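# Commentary on secondary and tertiary structure
Here are the chains, one letter per residue:
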Amino acid sequence: MLTDTAVPIVVAPMAGGISSPALVAGAVDAGAFAFLPAGYLSADALRGQIEQTRGLVGKPFGVNIFVPNSKSSADTAGYRQSLSGEEERYGVAAGEAGWDDDDYAAKIDAVVDLRVPVVSFTFGLPGVEDVRRLKENGTQVVVTVTTPAEAEAAAERGADVLCVQGAAAGGHRGVFEDNSALPGGGPLYDLLPALRLIGARTGLPLVAAGGLSHGGDVAAVLAAGAVAAQLGTAFLRCTEAGTSAVHRDLIADGTRETTLTRSFTGRPARGLVNRFIAEHADAPSAYPDLHHVTKPLRAAALRAGDPEAMSLWMGQAYSRAEEAPVAAVLHMLMAQARTAAAALTGRLGI
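Residues numbered from 1 in each chain as written. Predicted model: local features only at pLDDT ≥ 70, side-chain atom pairs only at ≥ 80, totals over all residues. Heavy atoms only, no water.

## Describing the overall build of the protein chain
In terms of helices and strands, the protein chain carries 13 helices and 11 strands. Its C-alpha radius of gyration of 19 Å places the protein chain within 12% of the 20 Å reference for a compact globule of 350 residues. Contacts spanning at least 24 positions in sequence make up 69% of the contacts within the protein chain whose residues lie at least 6 apart. Summed over its atoms, the accessible surface of the protein chain is roughly 13,900 Å², and 52% of this surface lies on carbon and sulfur atoms. (Helix = DSSP H or I, 4+ residues; strand = E, 2+ residues; numbered from the N terminus. Rg over C-alpha atoms; globule rule 2.2 N^0.38 Å. Contact = heavy atoms within 4.5 Å. Areas by Shrake-Rupley, 256 points an atom, 1.4 Å probe, with all protein chains shown as cover.)

Structural data, given as structure tokens:
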């Protein structure tokens, strides 16, 4: 399954329609592994996407589920009021703040009922009973971790594989608890040190994620002990991805910096710097409350083709992303990885 695919690359679950069934199926058909994102979908919609993907490819793929966060006590009303200028600019009202569990329990039921072979979790630990049900179903359980302490907790909970997320990763940080005093919600480990520390503490198979954009990066994390490399940003421009035209154009331009922000969702995430992030840098730690508050504004900005109020999630090396079918991108990455491996063995005199 995840740890023994012909191509040691995982296409990350990118929520919001980017990791489409076509992208997942194309990656799996090319010999890699890929995850469907369950985040922001209803359980019924997730079931439909699983069935749609199975109609496109007969090989195994995974599903990623967001673990519900604790309810925040932060002042979301004040933040919503600070968005009055955005409401006027885009002609829509901001949404109402509110906590929800992203249909978590129903999604667990869905992946159990449909016997999904690999299920990964982000933002925390799955429940003890959830792990038991999945394992009794023959499902491989993966947990995203950002620190050695989180890794140890995931191992104790029964994770089969850990996805180690480094600081350069695009999109949301996988921290279990968002420390509002820290820009990244917790300690920011570079990927290689994280792999070394977590590997020594747990002994579990590790998937390396965060800022990987080239086949040489894949070879590097495999040499560091990972069983596979997980890339997301590298596939944003793939023809099968659901990435918007505005998002694609900014990747191709490649001139903006990335930063960590809570401005859009109340949880630290890495994306391209834009006006909204600069003007609303004081966003509280309140996820998913702020996600619901800013969602109408982000949608209006997308409709207007205005990148200055869109959440443009991507990793630090985003400008490396190529416009091509996912199979072609995977082929390119593997060719680069083999070249890097050959150079390494030559340099080491092997």
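## Here's the deal with the layout of surface pockets
Over the atoms a probe the size of a water molecule is rolled, and this reveals where empty space is left. Its boundaries defined by the atoms lining it, the second largest pocket holds a volume of some 210 Å³. Lining the second largest pocket are 16 residues, and of these Asn69, Ser70, Phe176, Glu177 and Asp178 sit closest to its centre. Across the lining of the second largest pocket, the residue classes tally to 6 nonpolar, 6 polar and 4 charged. (1 Å grid on protein atoms, 1.4 Å probe; cavity = no way out; pocket = protein on both sides within 12 Å on 5 of 7 lines; lining within 4 Å. Points joined across faces, edges and corners; volume = space filled by probe spheres on them. Nonpolar A, V, L, I, M, F, W, Y, C, P; charged D, E, K, R; others polar.)

## Some words on the environment of Gly349
In this structure, Gly349 sits in the segment after α13 (326–347). Sequence spacing of Gly349 and Asp4 is 345 residues, and the spatial spacing of their C-alpha atoms is 28 Å.

## A short note on the packing of aromatic side chains
For the coordinates displayed, the defined rule picks out 7 aromatic pairs. Aromatic pair Phe33 and Phe35: ring centres 5.3 Å apart, planes at 70°, arrangement edge-to-face. The class of Phe35 is buried, set by a relative accessible area of 3%. Aromatic side chains Phe264 and Phe276 sit 4.7 Å apart centroid to centroid with 15° between the ring planes, which places their arrangement in the stacked category. Note that Phe264 is positioned in the loop between β10 (258–261) and β11 (269–272) and Phe276 in helix α11 (residues 275–279), a separation of 12 residues in sequence. Accessibility classification places Phe264 together with Phe276 in one group, the buried group. An aromatic cluster is built from Tyr40, Phe66, Phe123 and Tyr287, whose rings are joined through pairwise contacts. The side chain of Arg267 reaches across the aromatic face of Tyr287, ending 5.8 Å from its centre. (Phe/Tyr/Trp six-rings, centres within 6.5 Å; stacked < 30°, edge-to-face > 60°. Buried < 20%, exposed > 50% of the residue type's maximum accessible area, 1.4 Å probe, protein only. Lys NZ or Arg CZ within 6 Å of the ring centre and 35° of its normal.)

## Focus: the packing of helix α9 (residues 215–223) against α13
Closest axis-to-axis distance for the α9/α13 pair is 6 Å, and the angle between their directions is 60°. One finds that α9 runs oblique with respect to α13. In this structure, α9 crosses over α13, and the sense of that crossing is right-handed. Of the residues in α13, those in contact with Gly215, Gly216, Val218 and Ala219 of α9 are Leu333, Gln336, Ala337 and Ala340. (Axes fitted to C-alpha atoms, helices over the stretch in contact; angles between N-to-C directions. Parallel < 35°, antiparallel > 145°, perpendicular 65-115°, else oblique. Left-handed = near helix turned anticlockwise from the far one by under 90°.)

## A few points about the state of the cysteines
Under the criterion given, the structure shown has 0 disulfides. For the unlinked cysteine Cys163, the closest cysteine sulfur is that of Cys238, found at 18 Å. (Disulfide = S-S within 2.5 Å.)

## Concerning the side chain of Asn69
Mapped onto the secondary structure, Asn69 falls in the loop between β3 (62–66) and α3 (76–81). Judged by relative accessible area, Asn69 falls into the buried class, the value being 15%. Here Asn69 is in contact with Trp99, Phe123, Arg267 and Tyr287, once residues within four sequence places are set aside.

## A few points about the sheet that holds β11
Spatially, β7-β11-β10 is the arrangement adopted by the 3 strands of the open sheet, whose pairing is antiparallel. Of all strands in the sheet, those with a lone pairing partner are β7 (171–172) and β10, marking the two edges. As judged from the 2 bridges shared by β7 and β11, these two strands associate in the antiparallel manner. Bridged to His172 within β11 is Ala269. (Pairing = 2+ DSSP bridges.)

## Re the pattern of salt bridges
All chains considered together, the criterion is met by 14 salt bridges. Taking the shortest distance from any N to any O, the salt bridge between Arg132 and Glu129 comes out at 2.2 Å. Remark: Glu129 and Arg132 occur in helix α6 (residues 128–136); sequence separation between them is 3 residues, near one turn of the helix. Residue Arg132 is classed as partly exposed on the basis of its relative accessible area of 36%. Relative accessible area serves as the criterion here: at 42%, Glu129 is assigned to the partly exposed category. A network of salt bridges, in which partner residues are shared, links Arg80, Glu87 and Glu96. (Salt bridge = Lys/Arg side-chain N within 4 Å of Asp/Glu carboxyl O.)

## Focus on the environment of Asp29
By the secondary structure assignment, Asp29 is in helix α1 (residues 21–29). Look at Asp29 and you get exposed, because its relative accessible area is 52%. Each C-alpha atom of the pair Asp29 and Arg115 lies 19 Å from the other, and the pair is 86 residues apart in sequence. Once you skip the residues sitting within four places of it in the chain, Asp29 turns out to touch Val57 and Lys59.

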